[in-house]
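# Notes for the structure review
Chain residues, written in single-letter form:
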Amino acid sequence: MIGKYKIAALCICRIQDRECFELIHELDGQLGNIGCRLFVYNCISRPDKNSSSAETAVFDLIDPSFCDVVIIQSDRFGNYDFCKALAQKYREMGLPVISLGENISDCINFEYRRGDGFADIVSHMVKYHGYTNIHMIAGVKGEYYSDERIKAFRNVLSENNIPFDDSMVSYGDYWSVPAIDAVKKLIKENRLPRAIVCANDHMAVAVTNYLQDQGISVPDDVAITGFDGIETIYSADPTVSSSGIYPLTNAKEICHAVNTIFSEGYAVKNIPLFPELIINESCGCKSEKHRMKFNSSVSYNELMNKFYRFQDENIILSNVSERIQQCKSFADIADEMRKDDLMYAMTCVIKSECIDESINPEEKIQMRFRNKMFVLYDSDDIDLKKSVGEKFIPYNMDGRDIIPNMNGFIGRCLIFTALSYLGVPMGYTCYHFSSYIPSNYYKIPQTVNMLNNALGGLRNLRHQHYLLNKVDEISRIDALTGLFNRHGFLIEYENILRGLGSNSLAVIMCDLDGLKAINDKYGHDNGDFAIKNTAQALKRVCPPNAACTRFGGDEIMAVFPCCGTENNIRGMLYKELDCVNERSEKPYKIAASVGIYITQNGEKPSFDELIRYSDKLMYEEKKRRKTLRTN
């Protein structure tokens, strides 16, 4: 529950399909009437047997801290085991679960009696019209729903004393081309029947159009029916008779079940829901009711607009993807995403690991969207800041908040879809459309796929740059001390000389005292400890623009433009080493000899000359310190 509203979570697959977004539209309206809000969790493609795929990570966003009931559109996933595991997880959280289409234990199951619905349309052909020479084009051979409809077909024939044999069934795989191939075979074998019942509407429309093209009249020569009740049946000529469950009927029944849970408590049960006959013209009936509702020219115009808009938006999104991968900052990415006004009413949240360039994009990171998240994009916030002359800056967010300003969107249906790349979950998008426009739902997979490729590609590029920088760093940095090695120092020294002008150069040379004795008595690990701490101490006391290098076993040098403090460095270094000795509590004291050389104005010694200077400095410094110890 959020505020005064209870929350219903709908787990769906392929939101871009009309059957899905029409149900969402109707269900959102029905739930609103009982003070409930709908959150939709969408998987663009059907999950395979690996139920932990990155795309299905979106379902981990459902949390009992705010969710009151879960609805799983299980018949859309095509994966019973996945839906069963999903339902079990939510039941273990203590959430009521409603399954739409599949019978899952410990759930309220909506049984879509498609077999009964298909029997009704076959009975209409046999009993009402009296067709006895009848053929069926089934779906995929051996598939559950296809076999269920074949069984219904056989039962109706048996009830009406019509003999059945296997030659009365062809397979069209639920699609147009194989369905037409099945009809071609019937014609070739001179077995074209008086009536054909198809296991879905796509095949029925395709067969109707094909027969008409061949000069075979539908329904005068061959009567045709489909099944599912999709919009396309009204675009055929003649319109195709079918059977289906209306989204509004479905939504009302689901809402009634949800309201019963809220008012009476959760009780496991099965609720049958029967498809309704849709009588059109292809079966031989004369119905003008649906014809009046459907304007083919308007439908064709809408279809063409949808097609060309899809093409245009794909081109735009492809360009956006390229621009995203060229961005230098996350704020620039947000600007590019908003630029073409395709990604409105949308928030994009990614895992904090995805902005860490040191993490390999192919590395399997935690699936769940928890802990630290990163708000990469928020169209509403971008527009608000732009209106007052400010720039949107992406920011970190507690993963438990899911999206920023959740309460501000509670009046809208929220639609979540996971972002993933190479099987790794990156984050999710949240759409919060203020009105029902079907094209918005078609756009979701387009946009998500673009972001998957764009952000995944960007992660790859950032990680490659990181690796190149690491390789470059390894080639320039001494592994023990973190100072430049000779190669790195030469590059940095050239930079210093270019900017030196007529200024003098300070050369600081440092050499450990008694390193051999430390190595011999305490081991080389302690010798390395002494070298490392001396090097870091020298770096700390030198100015930030100093080039510090270890170019020998215990020989450390710093070079920088004179700044007036170089003569104090010896004393500062000795104090630093005193502090190191005090903290380390080692049985030996780290000590060093320090020599300082100041070049003449404008003098730019070569590296070899620096080495000669340093050797001279060390000789004089060690001689001085030996004299002090003797005295």
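Because the structure is a prediction, the values reported are computed rather than measured. (Residues numbered from 1 in each chain as written. Predicted model: local features only at pLDDT ≥ 70, side-chain atom pairs only at ≥ 80, totals over all residues. Heavy atoms only, no water.)

### Some remarks on helix α14 (residues 515–522)
Within the span of α14, buried status applies to Leu515, Ile518 and Asn519. All buried residues of α14 project into a common sector of 95° when viewed along the axis, lining one side. Pointing more than 90 degrees away from the buried face of α14 are the exposed residues Lys516, Asp520 and Lys521. On its buried face, α14 is in contact with β18 (505–513) and α15 (524–541). Just downstream of α14, glycine 523 is the residue with a positive phi angle, here 95°. (Buried < 20%, exposed > 50% of the residue type's maximum accessible area, 1.4 Å probe, protein only. Helix = DSSP H or I, 4+ residues; strand = E, 2+ residues; numbered from the N terminus. Arc of directions from axis to C-beta. Contact = heavy atoms within 4.5 Å.)

### Here's the deal with the packing of helix α3 (residues 114–128) against helix α4 (residues 144–159)
In the contact formed by α3 and α4, the axes pass within 8 Å of each other and the chain directions differ by 40°. As summarised for this structure, α3 and α4 are arranged oblique, according to the angle between their axes. In the crossing of α3 with α4, the sense of the turn from one axis to the other is right-handed. Contacts between α3 and α4 involve Arg114, Gly115, Phe118, Ala119, Val122, Ser123 and Val126 on the former and, on the latter, Tyr145, Glu148, Arg149, Ala152, Phe153, Val156 and Leu157. Split into classes, the residues belonging to the contact of α3 with α4 amount to nine nonpolar, two polar and three charged. (Axes fitted to C-alpha atoms, helices over the stretch in contact; angles between N-to-C directions. Parallel < 35°, antiparallel > 145°, perpendicular 65-115°, else oblique. Left-handed = near helix turned anticlockwise from the far one by under 90°. Nonpolar A, V, L, I, M, F, W, Y, C, P; charged D, E, K, R; others polar.)

### Some thoughts on unusual backbone geometry
Geometrically, the link from valine 218 to proline 219 is a cis peptide bond, its omega value of 15° lying close to zero. Looking along the chain, the bond that leaves aspartate 237 and enters proline 238 is cis, with omega of 10°. Among the structural elements, proline 238 can be located in the loop between β9 (223–225) and β10 (242–244). Of note, aspartate 106 is a non-glycine position whose phi angle comes to about 65°, a positive value. Within the fold, aspartate 106 resides in the loop between β4 (97–100) and β5 (108–112). Residue classification places aspartate 106 among the partly exposed residues on the basis of a relative accessible area of 40%. Despite not being glycine, aspartate 228 shows a phi value in the positive range, around 125°. With respect to the element layout, aspartate 228 can be found in the loop between β9 and β10.

### Concerning the side chain of glutamine 73
By secondary structure assignment, the location of glutamine 73 is in the loop between β3 (69–72) and α2 (80–92). Not counting chain neighbours up to four residues away, the residues in contact with glutamine 73 comprise Cys11, Ile12, Cys20, Leu23 and Leu100.

### Side note on the sheet that holds strand β8 (residues 195–198)
Ordered by their spatial adjacency, four strands build an open sheet running β7-β6-β8-β9, and the pairing between neighbours is parallel. In the strand order of this sheet, the two ends are held by β7 (169–171) and β9, each with one partner. Within this sheet the neighbouring strands show an average axis-to-axis angle of 20°, counted without direction. Across three bridges, the pairing between strand β6 (residues 134–138) and β7 is parallel. Residue pairing in the sheet places isoleucine 137 in a bridge with serine 170 of β7. Set on the sheet, α3 makes contact with β6, β8 and β9; between it and β8 the angle comes to about 170°. Here helix α6 (residues 201–213) sits on the sheet and contacts β6, β8 and β9; the angle it forms with β9, its principal contact strand, is near 155°. (Pairing = 2+ DSSP bridges.)

### Considering α2
Relative to the 18 Å expected for 13 residues at 1.5 Å per residue, α2 spans 18 Å between its end C-alpha atoms, a close match to the ideal helical length. Taken residue by residue, α2 has Phe82, Cys83, Leu86, Ala87 and Tyr90 as its buried positions. The buried residues of α2 occupy one face: seen down the axis, they fall within an arc of 130°. Structural note: α2 exposes Asp81 and Glu92 on the side pointing more than 90 degrees away from its buried face. Buried residues along α2 sit against β1 (6–13), β3 and β4. Immediately downstream of α2, the backbone of glycine 94 shows phi near 90°, a positive value. (Expected span 1.5 Å × (residues − 1).)

### Considerations on the confidence of the model for the protein chain
Across the protein chain, pLDDT averages 87, with 93% of residues at or above 70. Here residues 288–294 is a poorly scored stretch, pLDDT under 50, and it has 13 contacts once near neighbours within four places are set aside; other chains count. (pLDDT = per-residue confidence, 0-100.)

### A word on the pattern of salt bridges
Throughout the structure, instances matching the rule amount to 21 salt bridges. For the salt bridge of arginine 91 with aspartate 106, the shortest nitrogen-to-oxygen distance reads 2.9 Å. Of this pair, arginine 91 sits in helix α2 while aspartate 106 is found in the loop between β4 and β5, placing the two residues 15 residues apart along the sequence. Arginine 91 gets classed as partly exposed once you look at its relative accessible area, which sits at 22%. Taking the shortest distance from any N to any O, the salt bridge between glutamate 189 and arginine 191 comes out at 2.9 Å. Taking the relative accessible area as the measure of exposure, arginine 191 reaches 32% and is therefore partly exposed. Among the charged side chains, a salt-bridge network with shared partners connects Arg323, Glu336, Lys339 and Asp340. (Salt bridge = Lys/Arg side-chain N within 4 Å of Asp/Glu carboxyl O.)

### Description of the sheet that holds strand β19 (residues 547–550)
Think of a sheet as strands paired side by side through backbone hydrogen bonds, with each pair either parallel or antiparallel. Overall, antiparallel pairing links the four strands, which are arranged β19-β20-β18-β21 in an open sheet. Where the open sheet ends on each side, the last strands, each with one partner, are β19 and β21 (591–598). On average, each strand axis in the sheet is tilted by 15° relative to the strand beside it, whichever way the strands run. Taken together, the seven bridges between β18 and strand β20 (residues 555–561) define a ladder with antiparallel strand orientation. Residue cysteine 510 lies in a different strand from β20, and its bridge partner there is isoleucine 556.

### Overview of the packing of aromatic side chains
Evaluated as defined, the whole model comprises 21 aromatic pairs. Taking 6.0 Å as the distance between ring centres and 55° as the angle between the ring planes, the aromatic pair formed by phenylalanine 59 and phenylalanine 82 counts as tilted. Of this pair, phenylalanine 59 sits in the loop between β2 (36–43) and β3 while phenylalanine 82 sits in helix α2, placing them 23 residues apart in sequence. The ring of phenylalanine 262 has lysine 6 sitting right over it, with the charged end atom 5.1 Å from the ring centre. Positioned over the ring face of tyrosine 145 is arginine 114, at 5.9 Å from the centre of the ring. (Phe/Tyr/Trp six-rings, centres within 6.5 Å; stacked < 30°, edge-to-face > 60°. Lys NZ or Arg CZ within 6 Å of the ring centre and 35° of its normal.)

### So, the environment of arginine 46
Tracing the sequence through the fold places arginine 46 in the loop between β2 and β3. Linking arginine 46 and phenylalanine 77, residues 31 residues apart in sequence, is a C-alpha distance of 5.3 Å. Ignoring anything within four residues of it in the chain, the contact list for arginine 46 reads Cys13, Arg14, Arg76, Phe77 and Gly78. Within the structure, arginine 46 has its side chain in polar contact with the backbone oxygen of arginine 76 (distance 2.9 Å). (Polar contact = N/O pair within 3.5 Å; in protein donor to acceptor, adjacent residues only side chain to side chain.)

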